[in-house]
Amino acid sequence: MNRTLKSVVMNHFRENSSIYLFTTVLLLIGVIFGAIIVNSLSYSQKEDLYYYLSRFFGQVSHGEFANASLMFKQSFIHYAKYVGLMWILGLSIIGLPIILILLFLKGIVVGFTVGFLVNQMGWYGFLLSFVSIMPQNLILIPGFIFIATAAISFSIRMIRKQFVKKVNEPIFPYFVRYSFVMAGILLIISVASSFEAYVSPVLMKNVIDVIYN
C-alpha cells in the first residue's frame, strides 16, 4: 500500500514537474511584486496603514485577542474558500488563467505584508513577520502550489479531451484523484489555521512586548 502510494505521488510529481516549476516561480514573482508595491506607496499611505497597524499591536499587547476557536473557524473557512475556488476552476476549461491569477495574488499579499512590516519597522518588522506570517505560510504556500498544479493539470486534461480528438483517455479516474488532492489540502489548511489561531497570537504578543517595553 505504501509503495503504491509512493509510486502514485512520484508519478504525479514527475508528470507535472514543469507545472510545479511554473506555479512556484509565479508565486515568487507575486511575492517580489508585493514587496515592490510597498515602495510605491506614498508617505501618507504608509502612515495611514502604520497607524491602523499600531492600534492592532496595542490591542495584542494588552491581550485583546479574538476567541481562538472563532479565529480558527474564520481562518479555515477563508483558506478553504480560496482553494475550493481553485479546485472548481480546475474543473472548467476557462478556469486555468484565473487559477494563475489567484496564485499570483496570494504571492502579492504575502510579499506586501512582509515588505510593509520590514519597511516600517526594520528588524522588528522582520521578527514580527517571522512569528505571525511566515509559519502558517510555510504550510499554506506548498498547499496552494499543490492545489494550483493539480487544478491546472486537470484543466489541461479537460482541454485535451475536448479539443484533441485523438485523446480518448477516461477522465473519471483523474477526477477521483483530483478530489483526493482537495481533501488532503483541507487537512493542510486545518493545520495552518490551528497555528494561526492558537500559536501565532501568543508569539506576536511576546514580540510586541519586547518591541514596546
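The rules we used
Residues numbered from 1 in each chain as written. Predicted model: local features only at pLDDT ≥ 70, side-chain atom pairs only at ≥ 80, totals over all residues. Heavy atoms only, no water. Helix = DSSP H or I, 4+ residues; strand = E, 2+ residues; numbered from the N terminus. Areas by Shrake-Rupley, 256 points an atom, 1.4 Å probe, with all protein chains shown as cover. Patch = residues over 30% accessible without salt bridge, like charges linked within 9 Å, V, L, I, M, F, W, Y side chains within 5 Å. Salt bridge = Lys/Arg side-chain N within 4 Å of Asp/Glu carboxyl O. Core = buried A, V, L, I, M, F, W, Y, C linked by side-chain atoms within 4.5 Å. Buried < 20%, exposed > 50% of the residue type's maximum accessible area, 1.4 Å probe, protein only. Contact = heavy atoms within 4.5 Å. Phe/Tyr/Trp six-rings, centres within 6.5 Å; stacked < 30°, edge-to-face > 60°. Lys NZ or Arg CZ within 6 Å of the ring centre and 35° of its normal. Polar contact = N/O pair within 3.5 Å; in protein donor to acceptor, adjacent residues only side chain to side chain. pLDDT = per-residue confidence, 0-100. Expected span 1.5 Å × (residues − 1). Axes fitted to C-alpha atoms, helices over the stretch in contact; angles between N-to-C directions. Parallel < 35°, antiparallel > 145°, perpendicular 65-115°, else oblique. Left-handed = near helix turned anticlockwise from the far one by under 90°.

1. Regarding the overall build of the protein chain
Right, so step 1: Looking only at helices and strands, the protein chain has 8 helices and 0 strands in total.
Right, so step 2: Ordered by position from N to C terminus, the α and β elements of the protein chain give α-α-α-α-α-α-α-α.
Right, so step 3: Here the protein chain has roughly 12500 Å² of accessible surface; of this, 71% comes from carbon and sulfur atoms.

2. Digging into a nonpolar patch on the surface
Right, so step 1: A cluster of nonpolar side chains, Val-118, Trp-123, Tyr-124, Phe-126, Phe-130 and Val-210, forms an exposed patch at the surface whose accessible area comes to about 610 Å².
Right, so step 2: Mapped onto the fold, Val-210 is located in helix H8 (residues 172-212).

3. A few points about the nonpolar core
Right, so step 1: Judged by nonpolar contacts, the single largest core of 30 residues is most densely connected at Val-83, Met-86, Ile-99, Leu-103, Phe-144 and Ile-147.
Right, so step 2: The set of elements that each furnish at least two residues to this core consists of helix H2 (17-40), helix H4 (68-90), helix H5 (96-121), helix H7 (134-163) and H8.
Right, so step 3: Residues in contact with Phe-144, not counting those within four places in the same chain, are Tyr-79, Tyr-82, Val-83, Met-86, Leu-103 and Lys-106.
Right, so step 4: One finds Leu-53, Val-110, Met-121 and Val-131 within the second-largest nonpolar core, a separate group that totals 15 residues.

4. Here we look at the packing of aromatic side chains
Right, so step 1: As enumerated under the stated definition, the model contains 12 aromatic pairs in all.
Right, so step 2: Seen in terms of ring centroids, Phe-154 and Phe-175 are 6.4 Å apart; in terms of plane orientation they differ by 55°. Their pairing is tilted. With Phe-154 in helix H7 and Phe-175 in helix H8, the pair connects residues that are 21 residues apart, well separated along the chain.
Right, so step 3: Relative accessible area serves as the criterion here: at 30%, Phe-175 is assigned to the partly exposed category.
Right, so step 4: Ring pairing ties together the aromatic residues Trp-87, Phe-154, Phe-175 and Tyr-178, which thus form one cluster.
Right, so step 5: Against the face of Tyr-174 rests Arg-157, its NZ or CZ located 3.8 Å from the ring centre.

5. Describing the pattern of salt bridges
Right, so step 1: Scanning the entire structure with this criterion turns up 1 salt bridge.
Right, so step 2: Between Glu-15 and Arg-157 there is a salt bridge; the shortest N-O distance is 3.7 Å. Of this pair, Glu-15 sits in helix H1 (residues 2-15) while Arg-157 sits in helix H7; the two residues are 142 residues apart in sequence, bridging distant segments of the chain.

6. Let's talk about the side chain of Asn-137
Right, so step 1: Note on placement: Asn-137 falls in helix H7.
Right, so step 2: The exposure class assigned to Asn-137 is buried, which follows from its relative accessible area of 8%.
Right, so step 3: Here Lys-106 takes part through its side chain, which lies 3.2 Å from a polar atom of the side chain of Asn-137.
Right, so step 4: Residues within four places of Asn-137 in sequence aside, it is in contact with Lys-106, Val-110 and Pro-142.

7. Digging into the confidence of the model for the protein chain
Right, so step 1: For the protein chain, the average pLDDT comes to 83, and 88% of its residues sit at 70 or higher.
Right, so step 2: Looking over the protein chain, one finds the lowest element-wise mean pLDDT in H1, namely 70, and the highest in H2, namely 92.

8. Side note on H2
Right, so step 1: Look at H2: 35 Å from first C-alpha to last across 24 residues, which is about the 34 Å you get at 1.5 Å a residue.
Right, so step 2: For H2, the set of buried residues is Ile-19, Tyr-20, Thr-23, Leu-26, Leu-27, Gly-30, Gly-34 and Val-38.

9. Some remarks on the packing of H2 against H7
Right, so step 1: Running from N to C, H2 and H7 point in directions that differ by 130°, and their axes come no closer than 9 Å. Considered as vectors, H2 and H7 are oriented oblique to each other. Crossing geometry of H2 relative to H7 is assigned as right-handed. Across from Ile-19, Tyr-20, Thr-23, Thr-24 and Leu-27 in H2, the residues of H7 making contact are Ile-141, Ile-145, Phe-146, Ala-148, Thr-149, Ile-152, Ser-153 and Ile-156.

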